[in-house]
Amino acid sequence: LYGVGIVSAKGSREARFTIISPEEGEIVETRDCRVKGKIAPNIKVLVNGRPVHPDAKGFFSVTVPLKPGRNTVKFAVSEETGDLRFVDRTVVYQP
């Protein structure tokens, strides 16, 4: 699990964006990888340049095609403040 947080006005840190799967360095045997995560309201996320569409609770799931070997899944996270963060996740496809 990977989370990107912000510090709230009360000083607590809350996750605004969480990658549920895949794990960093995960080895998969299928050509497509299911990417799952959760985002807070007013957060926008692109996965490999494609926007995700979360459900009412903020969960999203997209399929990313893989090539044999190491693949990088790229996340671009945009906060309502305009701040932009980038996160990469490596997945290894071994057919």
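What counts as what
Residues numbered from 1 in each chain as written. Predicted model: local features only at pLDDT ≥ 70, side-chain atom pairs only at ≥ 80, totals over all residues. Heavy atoms only, no water. Pairing = 2+ DSSP bridges. Helix = DSSP H or I, 4+ residues; strand = E, 2+ residues; numbered from the N terminus. Core = buried A, V, L, I, M, F, W, Y, C linked by side-chain atoms within 4.5 Å. Buried < 20%, exposed > 50% of the residue type's maximum accessible area, 1.4 Å probe, protein only. Contact = heavy atoms within 4.5 Å.

### Comments concerning the pairing of strand S8 (residues 69–78)
As defined by bridge partners, strand S5 (residues 44–47) adjoins S8 across 4 bridges and the pair is classed as antiparallel. Counterpart to lysine 44 in the pairing with S8 is serine 78. Pairing analysis gives 10 bridges linking S8 to strand S9 (residues 84–93), with the strands arranged antiparallel. Across the sheet, glycine 69 pairs through a bridge with tyrosine 93, a residue of S9. Here S8 folds back onto S9 in antiparallel fashion, the turn holding 5 residues, of which glycine 82 has a positive phi close to 100°.

### A closer look at the nonpolar core
A general trend in soluble globular proteins is that nonpolar side chains are found buried together. Formed by 21 residues in total, the largest nonpolar core has its most connected members in Phe17, Val35, Val45, Val47, Phe60 and Phe75. Mapped by element, the contributors of at least two residues to this core are strand S2 (13–21), strand S4 (32–39), S5, strand S7 (59–65), S8 and S9. Not counting the four nearest positions on each side in its chain, valine 47 is found in contact with Val35, Val52, Phe60, Val62, Val64, Val73, Lys74 and Phe75.

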